[in-house]
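As a plain string of letters, each chain reads:
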Amino acid sequence: MSRREELEREVAEAKDRLDNAPADTPKEILDIWRQEYDELSVDLTELFDEYDPDQR
């Protein structure tokens, strides 16, 4: 699995965890999950894919 695929999976999991959090989830936990999601999203956005002319 490439780093991009791994990050995409992690971002999707973090988003799903936030979207489906139980109503009684403590705010502190939600803040931690939101921060994790934000950091993963930035990592994915800033990911540099090396150019490989053989991959299309």
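Residues numbered from 1 in each chain as written. Predicted model: local features only at pLDDT ≥ 70, side-chain atom pairs only at ≥ 80, totals over all residues. Heavy atoms only, no water.

### Topic: the pattern of salt bridges
And step 1. Enumeration over the complete set of coordinates arrives at six salt bridges.
And step 2. Of the charged contacts, one joins Glu 6 and Arg 3 as a salt bridge, the two residues approaching to 3.2 Å between their closest N and O atoms. Of this pair, Glu 6 and Arg 3 both sit in helix 1 (residues 3-19), three residues apart, which is roughly one turn of that helix.
And step 3. The class for Glu 6 is partly exposed, based on a relative accessible area of 28%.
And step 4. The exposure class assigned to Arg 3 is partly exposed, which follows from its relative accessible area of 42%. (Salt bridge = Lys/Arg side-chain N within 4 Å of Asp/Glu carboxyl O. Helix = DSSP H or I, 4+ residues; strand = E, 2+ residues; numbered from the N terminus. Buried < 20%, exposed > 50% of the residue type's maximum accessible area, 1.4 Å probe, protein only.)

### What about the nonpolar core?
Side chains of nonpolar character tend, in soluble globular proteins, to be buried together.
And step 1. Grouped together as the largest cluster of nonpolar side chains are five residues: Leu 7, Val 11, Ala 14, Leu 40 and Leu 44.
And step 2. Those elements giving two or more residues to this core turn out to be helix 1 and helix 2 (27-46).
And step 3. If one sorts the elements of this core by residue count, helix 1 sits on top with three residues.
And step 4. Setting aside chain neighbours within four positions, we find Val 11 in contact with Tyr 37, Leu 40, Ser 41 and Leu 44. (Core = buried A, V, L, I, M, F, W, Y, C linked by side-chain atoms within 4.5 Å. Contact = heavy atoms within 4.5 Å.)

### Quick word on the packing of helix 1 against helix 2
And step 1. For the pair helix 1 and helix 2, the least separation of the axes is 9 Å and the interaxial angle reads 155°. Taken together, the axes of helix 1 and helix 2 are roughly antiparallel relative to one another. Every pair of crossing elements has a handedness; the one defined by helix 1 and helix 2 is left-handed. Of the residues in helix 2, those in contact with Arg 4, Leu 7, Glu 8, Glu 10, Val 11, Ala 14, Lys 15, Arg 17 and Leu 18 of helix 1 are Leu 30, Trp 33, Arg 34, Glu 36, Tyr 37, Leu 40, Ser 41, Asp 43 and Leu 44.
And step 2. Residues of the contact of helix 1 with helix 2, tallied by class, amount to nine nonpolar, one polar and eight charged. (Axes fitted to C-alpha atoms, helices over the stretch in contact; angles between N-to-C directions. Parallel < 35°, antiparallel > 145°, perpendicular 65-115°, else oblique. Left-handed = near helix turned anticlockwise from the far one by under 90°. Nonpolar A, V, L, I, M, F, W, Y, C, P; charged D, E, K, R; others polar.)

Keep in mind that these numbers describe shape and distance, not what the molecule does.
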